[in-house]
Amino acid sequence: MHEFAITQSVVDAACERAAGRRVRSVRVRVGALTAVVPEAMRFCFDLVSEGTSLEGARLDIDQRPGIGLCRTCGRTVSLDDHVLLCHCGSADLAVVSGRELEIVSMEVG
Amino acid sequence: MCVTCGCGRPDGPAHHHPHGPLTETITLEQRILAKNDHLAGHNRAWLAERRITALNLMSSPGSGKTTLLERTLRHFRGRRPVAVVEGDQETTLDADRIRRTGSPVIQVNTGAGCHLDAGMLHDALSTLDPPAGAVLFVENVGNLVCPAMFDLGEAAKVVIISVTEGTDKPLKYPHMFAAADLVLINKIDLLPYVDFDTDRCAEYARAVNPTVRTLPVSATGGAGMDGWYDWIAPA
């Protein structure tokens, strides 16, 4: 359950930045190719934020699709998993979306 | 009712809102694991200063990591300094086994935690203080999911799979195999008794990690272990 540690990192970073102000919501960006399950993150968020300035805050999760760019034929390929394979047969793909794991912003006040 | 703030005053000409803007949006735009990655960077620099090669060993429970380590440590005795960080949720059983090989070792118990993180390795390093030029083996918590996400500051990630686990494991746990620099296929001495296809397993590992190297080994019998020792410390 690495979502617990991941979510703890979100809450820690937001608390530090909020400097005691009440946090209403936090927005994170989670790519489809990371091993992070958004539902698990939501579950952990309520637990981890209890007793902090994020208690009761809303967690907004922007999910990003997996997208690869084929270095052989130049096509953009939708990626559902870690098997990076283009329709042209090439396995030489650059992942351009799907590996995000970021805190975007938060609302305080 | 005022539609701007819902304060109960009649709508109409602007009036003063003593409660001001309700909220402020703060942009963070930072990696969620920024703190871990920062600490991992510190560990990496600390290790580089001392010419210590740190290897992060990851696998499911029961793949033979500790047995592999015992044999590896005995091989390097007198050849190269070694040190070990043992990660487990509970007990010092593995550290006790490693200590019997005569190697310096520290046990990190993660309790409910399912992986080591850079902060834990940092604390372990300051206590263990491995000698300059050492190979540092970090045995992560037995788990094929969570440890893949946390950079410790290691030089390389080594994933161990055993032939009793199933040929398709690289496809079932792609994150772990995608992160690996080397995959050891352990317990090959049991191949006659199990339904495991070594070549296909290596193919599956390359499907999620095209450049990864795979080495079949037997930590109990010794087969293939020279390839592993050469990989650690090329002659």
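Residues numbered from 1 in each chain as written. Chains lettered and ligands numbered in written order. Predicted model: local features only at pLDDT ≥ 70, side-chain atom pairs only at ≥ 80, totals over all residues. Heavy atoms only, no water.

For chain B, the name recorded in an unreviewed UniProt entry is Hydrogenase accessory protein HypB, with Phytohabitans suffuscus as its organism.

(A) Representation of the overall build of chain B within the structure. Summing up its helical and strand segments, chain B has eight helices and eight strands in all. For chain B, the C-alpha radius of gyration of 24 Å lies well beyond 18 Å, the compact-globule estimate for 235 residues. Dimensions of chain B, computed from C-alpha atoms along their principal axes, come out at roughly 85 × 40 × 35 Å. Taking all 235 residues of chain B together, 48% fall into the buried category. For chain B, the computed accessible surface area is about 10900 Å², with 52% contributed by carbon and sulfur atoms. Between the averaged position of the 22 positive side-chain charges in chain B and that of its 27 negative side-chain charges there is a distance of 5 Å. (Helix = DSSP H or I, 4+ residues; strand = E, 2+ residues; numbered from the N terminus. Rg over C-alpha atoms; globule rule 2.2 N^0.38 Å. Buried < 20%, exposed > 50% of the residue type's maximum accessible area, 1.4 Å probe, protein only. Areas by Shrake-Rupley, 256 points an atom, 1.4 Å probe, with all protein chains shown as cover. Lys, Arg positive; Asp, Glu negative; His and termini not counted. Charge placed at Lys NZ, Arg CZ, Asp CG, Glu CD.)

(B) Geometry of the nonpolar core. A:Ile6, A:Val26, A:Val28, A:Met41 and A:Met106 are the most contacted members of the largest nonpolar core, which totals 29 residues. Mapped onto this core, the elements with two or more residues apiece are helix H1 (2–18), strand E1 (23–31), helix H2 (38–49), strand E2 (58–64) and strand E6 (101–108) of chain A together with strand E1 (24–31) of chain B. For this core, the leading source of residues is H1(A), giving six residues. If we ignore the near neighbours within four places in the chain, the residues touching A:Val28 are A:Val10, A:Met41, A:Leu59, A:Asp60, A:Ile61, A:Asp62, A:Glu102, A:Ile103, A:Val104 and B:Ile32. Residues B:Leu69, B:Phe76, B:Val82 and B:Val105 belong to the second largest nonpolar core, which totals 25 residues. (Core = buried A, V, L, I, M, F, W, Y, C linked by side-chain atoms within 4.5 Å. Contact = heavy atoms within 4.5 Å.)

(C) Structural detail: the side chain of B:Asn56. All names here are of chain B. Turning to its location among the elements, Asn56 is positioned in strand E2 (residues 53–59). In this structure Asn56 comes out as buried when scored by relative accessible area, which is 0%. With sequence-adjacent residues up to four places away left out, Asn56 is seen in contact with Val138, Asn140, Leu152, Glu154, Ala156, Lys157 and Val158.

(D) The sheet that holds E2(B), seen in detail. Residues and elements named next belong to chain B. As summarised here, the arrangement of the seven strands in space is E4-E3-E5-E2-E6-E7-E8, forming an open sheet in which the pairing is parallel. Two strands bound the open sheet, and with one partner strand each, they are strand E4 (105–109) and strand E8 (213–216). With direction set aside, neighbouring strand axes in the sheet form an average angle of 20 degrees. Alignment of strand E3 (residues 82–88) against strand E5 (residues 135–139), held across five bridges, turns out to be parallel. (Pairing = 2+ DSSP bridges. Axes fitted to C-alpha atoms, helices over the stretch in contact; angles between N-to-C directions.)

(E) Geometry of the packing of helix H2 (residues 65–76) of chain B against helix H8 (residues 225–232) of chain B. Residues and elements named next belong to chain B. At a minimum axis distance of 11 Å, the contact between H2 and H8 shows a crossing angle of 65 degrees. As judged from the angle between their axes, H2 and H8 are roughly perpendicular. The handedness of the crossing between H2 and H8 comes out as right-handed. Judged by residue contacts, Leu68, Arg71, Thr72, His75 and Phe76 of H2 engage Met225, Trp228, Tyr229 and Ile232 from H8. (Parallel < 35°, antiparallel > 145°, perpendicular 65-115°, else oblique. Left-handed = near helix turned anticlockwise from the far one by under 90°.)

(F) Structural view of the sheet that holds E1(B). Across the sheet, which stays open at both edges, the four strands sit in the order E2(A)-E1(A)-E6(A)-E1(B) with mixed pairing between neighbours. Either end of the sheet is taken by a strand with one partner, and the two such strands are E2 of chain A together with E1 of chain B. Across the sheet, the mean angle separating the axes of adjacent strands is 15 degrees when strand polarity is ignored. One ladder, built from seven bridges, connects E1(A) with E6(A); its direction is antiparallel. Within E6(A), the residue paired with A:Arg27 across the bridge is A:Ser105.

(G) Molecular detail of the UniProt feature "domain: CobW/HypB/UreG nucleotide-binding" (unreviewed entry) in chain B. Cross-referencing UniProt, the feature "domain: CobW/HypB/UreG nucleotide-binding" (unreviewed entry) maps to residues 56–213 of chain B in the present numbering. The span residues 56–213 of chain B carries 32% helix and 22% strand; its end-to-end C-alpha distance comes to 16 Å. (UniProt positions renumbered as here; feature names shortened; annotations may be inferred.)

(H) Main features of a negative patch on the surface. Residues and elements named next belong to chain B. Together, Asp195, Asp197, Asp199 and Glu203 make up a negatively charged patch on the protein surface. Tracing the sequence through the fold places Glu203 in helix H7 (residues 198–208). Residue Glu203 is classed as partly exposed on the basis of its relative accessible area, which comes to 48%. (Patch = residues over 30% accessible without salt bridge, like charges linked within 9 Å, V, L, I, M, F, W, Y side chains within 5 Å. Salt bridge = Lys/Arg side-chain N within 4 Å of Asp/Glu carboxyl O.)

(I) Molecular detail of the interface of chain A and chain B. Tallying the contact residues gives 30 residues for chain A and 25 residues for chain B. The contact between chain A and chain B buries some 2400 Å² in all, and 65% of this surface belongs to carbon and sulfur atoms. When residues of chain A are sorted by the area they lose upon contact with chain B, A:His2, A:His82 and A:Ile103 head the list and together hold 23% of the total. If you look at where chain A meets chain B, you find two salt bridges. Two residues, B:Glu24 and A:Arg21, come together in a salt bridge whose shortest N-O distance is 3.0 Å. Between the two partners, chain A and chain B, sit 12 residue pairs in polar contact (both at pLDDT 80 or more). Elements supplying a minimum of two residues to the side of chain A that touches chain B: H1, E1 and E6 of chain A. (Buried area = accessible area lost by both parts, 1.4 Å probe. Polar contact = N/O pair within 3.5 Å; in protein donor to acceptor, adjacent residues only side chain to side chain.)

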